[in-house]
Amino acid sequence: MKFTPLLSLFIILFYSTVSLAKGTYQTPESFISQALQTPKAKAKIFWLDDDAQKVIENILAHKFNKMRIRYWQKNNETVWVLNEIGKESPITVGIHVKNKQIVQTKVLIYRESRGDEVRHTFFTDQFKSAMLNNDLTLDKHIDGITGATLSVRALTKLSRIALWLDARIQSKG
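A brief structural summary. (Residues numbered from 1 in each chain as written. Predicted model: local features only at pLDDT ≥ 70, side-chain atom pairs only at ≥ 80, totals over all residues. Heavy atoms only, no water.)

### As for the overall build of the chain
Tallying secondary structure elements over the chain gives five helices and six strands in all. Listed N to C, the secondary structure of the chain is α-β-α-β-α-β-β-β-β-α-α in terms of helices and strands. Across the 173 residues that make up the chain, the buried fraction comes to 42%. Considering only contacts within the chain whose residues lie at least 6 apart along the sequence, 57% involve residues at least 24 apart. Just so you have it, the chain exposes about 10300 Å², and 54% of that area is on carbon and sulfur atoms. (Helix = DSSP H or I, 4+ residues; strand = E, 2+ residues; numbered from the N terminus. Buried < 20%, exposed > 50% of the residue type's maximum accessible area, 1.4 Å probe, protein only. Contact = heavy atoms within 4.5 Å. Areas by Shrake-Rupley, 256 points an atom, 1.4 Å probe, with all protein chains shown as cover.)

In structure tokens:
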């Protein structure tokens, strides 16, 4: 089978685009330090009881097989580094919460071959100031991105979980 120059160019462009979607955009440690404005924040542990497990599984719409979640806290601010599957691979997201609302949502590590548009600020800025309603939904609409539906859903779910966890932490005082 002979490859024409045009077909060869298409193949090169296709595979380079697919490989570009994956990447580490910021380390979790750097995100945590930036969010809490401290060089070395110490992790805390949120132990999941049965109720917490059920709430998280309800938000995710699938099993969550963890017993604990690490978080970082400074006064009334928390930072969560959470993972959720997009289509096939985990997306690592940093979420900074202060006064029961999102300060920043950032894609830290993206492992999918497509849908990495969710890493851009034009998308993640939509989460700023979002709060959690009583029914565990966000109080603001998040616009989707064509071709990144599962990644959009993953970030939205993780934001809801971070807000719910933050409320639990803050209520324990």
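### Concerning the sheet that holds strand β6 (residues 101-110)
Here six strands make up an open sheet; going across it, the order is β1-β6-β5-β4-β3-β2 and the pairing antiparallel. Each edge of the open sheet is held by one strand with a lone partner, namely β1 (23-24) and β2 (43-47). Direction of pairing for β2 relative to strand β3 (residues 68-74): antiparallel, over a ladder of five bridges. Bridge pairing links F46 to I69 in β3. Seen against the sheet, helix α5 (residues 149-172) touches β2, β3, β4 (77-85), β5 (90-98) and β6 and runs at an angle of roughly 145 degrees to β4. (Pairing = 2+ DSSP bridges. Axes fitted to C-alpha atoms, helices over the stretch in contact; angles between N-to-C directions.)

### Comments concerning helix α2 (residues 28-36)
Burial in α2 covers these residues: P28, F31, I32, A35 and L36. Summarising the axial view, the buried residues of α2 lie within an arc of 110 degrees, below the 170-degree limit, and thus occupy one face. Buried residues in α2 make contact with β3, β4, β5 and β6. Two residues or fewer after α2 comes Q37, characterised by a positive phi angle close to 50 degrees. (Arc of directions from axis to C-beta.)

### Some remarks on the nonpolar core
One recurring pattern in soluble globular proteins: nonpolar side chains tend to sit buried together. Counting residues in hydrophobic clusters, the biggest one holds 38 residues, and the most contacted among them are W80 and V118. If you list the elements that add at least two residues to this core, you get α3 (50-60), β3, β4, β5, β6 and α5. Tallying contributions element by element places α5 first for this core, with ten residues. Those residues in contact with W80, other than ones at most four positions away along the chain, are I69, R70, Y71, V93, G94, I95, V97, A162, L165, D166 and I169. Formed by nine residues, the second largest nonpolar core is a distinct cluster that contains A35, L36, V79 and I109. (Core = buried A, V, L, I, M, F, W, Y, C linked by side-chain atoms within 4.5 Å.)

### Observations concerning the environment of L48
Within the fold, L48 resides in the loop between β2 and α3. The spacing of L48 and R68 is 20 residues in sequence and 5.4 Å in space, taken between C-alpha atoms. If sequence neighbours within four positions are ignored, L48 has contacts with Q53, I56, F64, K66, M67, R68 and I69.

### Looking at unusual backbone geometry
A positive phi angle, close to 65 degrees, is found at K100, a residue other than glycine. Mapped onto the elements, K100 comes out in the loop between β5 and β6. We note that L136 has phi near 65 degrees; this positive angle belongs to a residue other than glycine. Mapped onto the elements of the fold, L136 is located in the loop between α4 (121-124) and α5.

### Some details on the environment of D135
Note that D135 resides in the loop between α4 and α5. Here D135 falls in the exposed class, since its relative accessible area comes to 53%. Within the structure, D135 has its side chain in polar contact with the side chain of T137 (distance 2.5 Å). (Polar contact = N/O pair within 3.5 Å; in protein donor to acceptor, adjacent residues only side chain to side chain.)

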